[in-house]
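Residue-level structure breakdown
Letter by letter, the chains look like this.
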2 protein chains.
Amino acid sequence: MTDFAATRDAFRLPEGITYLDGNSLGPMPRHAADRVAAMMRDQWSEMLITGWNRAGWYVQPRRVGDRIARLIGAGEGQVVMGDTLSIKVFQALSAALRLRPGRRVILSDSGNFPSDLYVAQGLAETVGAELRVVAPEDVAAHTTPDLAVLMLTEVDYRTGRRHDMAALTAAAHEAGALAVWDLAHSAGAVDVDLLGTGADFAVGCTYKYLNGGPGAPAFIWVHPDHAEAARPCLQGWMGHVQPFAFDAAYAPAPGIERMRVGTPPVIALAALDAALVIWEGVDMATLRARSIELSEAFIAGVEAACPELTLHSPRDPARRGSQVGFRHPQAYAVMQALIAEGVVGDFRAPDVLRFGFAPLYNDMEDVDRAVAVLAGILRRGLWDRPEHHRRAAVT
Amino acid sequence: MTDFAATRDAFRLPEGITYLDGNSLGPMPRHAADRVAAMMRDQWSEMLITGWNRAGWYVQPRRVGDRIARLIGAGEGQVVMGDTLSIKVFQALSAALRLRPGRRVILSDSGNFPSDLYVAQGLAETVGAELRVVAPEDVAAHTTPDLAVLMLTEVDYRTGRRHDMAALTAAAHEAGALAVWDLAHSAGAVDVDLLGTGADFAVGCTYKYLNGGPGAPAFIWVHPDHAEAARPCLQGWMGHVQPFAFDAAYAPAPGIERMRVGTPPVIALAALDAALVIWEGVDMATLRARSIELSEAFIAGVEAACPELTLHSPRDPARRGSQVGFRHPQAYAVMQALIAEGVVGDFRAPDVLRFGFAPLYNDMEDVDRAVAVLAGILRRGLWDRPEHHRRAAVT
């Protein structure tokens, strides 16, 4: 039985804040700072270099990966941590391309996160591939026989629209292509079944619904059918079959280990590990049901109380992740006014108010308060103050 | 005036340990754990997503980079942090290659760190370039007119041999090539003058002499002459000219910012920043003089007391970094015996005992104790016990 009162209590949320931005940055687990400081004192400071063996730093990227594997329908020993999501997208994409020699087309959609498209553009330019970008609803129709790789983010970062991973993966396979899935807005948010859908590669970040902290390490998964064949273009010593033999020639480690690149971020992994402990015992189907319950209540509440907002997310919860977007011509200022009153969502250009629902710590009280505050701001025009129009570097 | 008593006191070293392995992993600064925990509580936990602006997380990679710039002879605003060293090698190398269209040869040497060679092999395979690896002493003779990029690590990770950065960069330029320097064993260890030597790209890690903690973020520097022309093959959103406009097409940010890739590792950067504070007021010429003094005393002491060891480093201190290697047929077991007696250096295959001297916290007492313990172990054959022959995963 998933105990959401206990998981909510595991987080430290500032007094008076209704936090609906876990889809951008998850909040700090209550014990995370102590855990990290203790690791630094007991391991780094006391063990020094011997921490690589004695404290298990060397095997940590896969040990932490195993915690995530369960949440995304992957098997033990199939997920490894490291780098950032953009780097992992590059790795997955370049490895997938190489598994389809003779084909040079990468297909993605305009709802993909821009960084994924930038990475694909950079790789395509470098290796002479072609990146085709179509509208999200047109992806299936474009899985043509010249396709090498279908690269999609399952849940759209602006609209929350959720792709049908099984159907699109099947369409890619039908065309003889491989499917690379970005789970940035899926891992810890919805029930993902990588092995069940037959996906080929998956990558994701851990600072959103997994609460690993700002800039927490990314993860990568490779289907066992490809794990021994996939060649990482980014060949680092930690992915070598014998890193400490210091051979002059690269030879990939078995399985997912080859997707490691450089020295793992031990301190950041300690923070992430502390956050993943909270997921022990959480059932993903129960989590998904609660996510839908919260999102549906929010949509119903906003539509009843705020007629000037337009739903920017699919109405069918089965086609939505764990976030809801509403459009407003002055969305930036409206979000600043909301934040000033303690309801934290975020803004995505050009006109989207984005609210994430993280069942691990959000509850129906959060939904009710957010609806009430949002309605009040719009009714009283509180967003139209100079301080709410000023743009910061990061939105 | 550089106050080495004060800098030594800034570190927390375990009781009874003589630490000569800062060339592998620097020790923890005394205040680092508190600083990181405070950042997590005051910034991540309290500010949540607003920390990107309010706590300056977004500009942190360059702010921290500026602290390092001073230590390596680079200018303000020319260094940016992120990823791991292997990733930064890939970025520098791919950008340099692209600045020399029509040329496809990368020259490196067999003394380079294997991960740099693995990265170059992966890139060369991907883009159809050729990697030539020659002996360190033959590099100058191989800067031929077909060369695109000379890629070297300034200080050899096993021998401590230091390349002449100015002369080899000039030779590369003479051949019409660019020079990429890896400063892994240079930054914080020797006096580096990037702008003075005319180097084109430089990269380095921060967990060795800079004491940023296990897996701390790497840095990259691009000479201002190339900064606006260099195209990063790894194109991430943080290197985009307007990351929060979420444009579909990549356009590089001005200058070094384009070498950013994904979301920066905020927690790890806090640990690193805490370590870099100690460098304020440290004069690099004074540091270099002290490094030579310690290394010379160690070599003289070992050669007098341990005739069975062979110096594996250049005898001329001007041609050496801040580490000293000695060879012994049973180097692995000898190092385990040393560690068991509290003198921590490390082993590098096949037969090298490696000792790093970090003037920030090592002093002449460390040298004397290390020599005495090493001599005792060899004299009494203490290394030849079963427990000292057992190999761990990380050496």
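The name that an unreviewed UniProt entry assigns to chain A is Kynureninase, with the source organism given as Paracoccus salipaludis. The heading Sequence similarities (unreviewed entry) in the UniProt record of chain A holds the text "Belongs to the kynureninase family." Under the Cofactor (unreviewed entry) heading, UniProt states for chain A: "pyridoxal 5'-phosphate".

Glancing now at the layout of surface pockets. By volume, the second largest pocket is sized at about 690 Å³. Taken together, 44 residues form the lining of the second largest pocket, with Ser24, Val394 and Thr395 of chain A together with Ile49 and Trp52 of chain B sitting closest to its centre. Secondary-structure elements contributing two or more residues to the lining of the second largest pocket are α5 (85-98), α6 (114-127), α12 (331-340) and β12 (346-348) of chain A together with α3 (51-54) of chain B. Per element, the largest residue contribution to the lining of the second largest pocket is 5 residues, and it comes from α12 of chain A. When its residues are assigned to classes, the lining of the second largest pocket shows 21 nonpolar, 13 polar and 10 charged.

So, on to the relation of the copies chain B and chain A. With an axial shift of 0.0 Å and an RMSD of 0.0 Å, the rotation relating chain B to chain A amounts to 180 degrees. This pairing of chains is accounted for by a two-fold axis. A high fraction, 100%, of the interface residues of chain B reappear at the interface in chain A, so the copies pair face to face through one surface.

Once that is clear, we can look at the packing of helix α2 (residues 32-47) of chain B against helix α10 (residues 266-276) of chain B. Residues and elements named next belong to chain B. Running from amino to carboxyl end, α2 crosses α10 at an angle of 140 degrees, the nearest separation of the two axes being 9 Å. Compared by their axis directions, α2 and α10 come out oblique. Seen from above, α2 lies across α10 with right-handed handedness. Contacts from Ala32, Arg35, Val36, Met39, Met40 and Trp44 of α2 reach α10 at Val266, Ile267, Ala270, Ala271, Asp273 and Ala274.

Time to look at the sheet that holds β12 of chain A. What holds strands together in a sheet is hydrogen bonding between their backbones, with the strands either parallel or antiparallel. Residues and elements named next belong to chain A. Strand order in the open sheet formed by 4 strands is β9-β10-β13-β12, and the pairing between neighbours is antiparallel. Since the sheet does not close on itself, it has two edges, and those belong to β9 (310-311) and β12, each with one partner. Pairing analysis gives 2 bridges linking β9 to strand β10 (residues 323-327), with the strands arranged antiparallel. Of the residues in β10, the one forming a bridge with Leu311 is Phe326. Helix-sheet contacts for helix α11 (residues 284-305) involve β9, β10 and β13 (352-356), and the interaxial angle to β10 is about 20 degrees.

All names here are of chain A. Domain annotation for chain A reports domain 1 (4-29 + 283-389) and domain 2 (32-279). Taking the mean C-alpha position of each, domain 1 and domain 2 sit 28 Å from one another. The interface of domain 1 with domain 2 comprises 34 residues on the first partner and 25 residues on the second. Taken together, both faces of the contact between domain 1 and domain 2 bury some 2400 Å²; the carbon and sulfur share is 61%.

Below, the discussion takes up the pairing of strand β13 (residues 352-356) of chain B. Residues and elements named next belong to chain B. Most of β13 sits inside the fold, with 5 of its 5 residues counted as buried. Of the two faces of β13, the one lined by Val352, Arg354 and Gly356 and the one lined by Leu353 and Phe355 are each fully buried. The pairing of strand β10 (residues 323-327) with β13 spans 5 bridges and is antiparallel. When the bridges of β13 are listed, Gly325 appears paired with Arg354. Taken together, the 3 bridges between strand β12 (residues 346-348) and β13 define a ladder with antiparallel strand orientation. Bridged to Phe347 within β13 is Leu353. Hairpin connection between β12 and β13: a loop of 3 residues separates the two successive antiparallel strands.

Cut-offs applied
- Residues numbered from 1 in each chain as written.
- Chains lettered and ligands numbered in written order.
- Predicted model: local features only at pLDDT ≥ 70, side-chain atom pairs only at ≥ 80, totals over all residues.
- Heavy atoms only, no water.
- UniProt positions renumbered as here; feature names shortened; annotations may be inferred.
- 1 Å grid on protein atoms, 1.4 Å probe; cavity = no way out; pocket = protein on both sides within 12 Å on 5 of 7 lines; lining within 4 Å.
- Points joined across faces, edges and corners; volume = space filled by probe spheres on them.
- Helix = DSSP H or I, 4+ residues; strand = E, 2+ residues; numbered from the N terminus.
- Nonpolar A, V, L, I, M, F, W, Y, C, P; charged D, E, K, R; others polar.
- Least-squares fit on C-alpha atoms with pLDDT ≥ 70 in both.
- Contact = heavy atoms within 4.5 Å.
- Axes fitted to C-alpha atoms, helices over the stretch in contact; angles between N-to-C directions.
- Parallel < 35°, antiparallel > 145°, perpendicular 65-115°, else oblique.
- Left-handed = near helix turned anticlockwise from the far one by under 90°.
- Pairing = 2+ DSSP bridges.
- Domains from an automatic or database assignment.
- Buried area = accessible area lost by both parts, 1.4 Å probe.
- Buried < 20%, exposed > 50% of the residue type's maximum accessible area, 1.4 Å probe, protein only.

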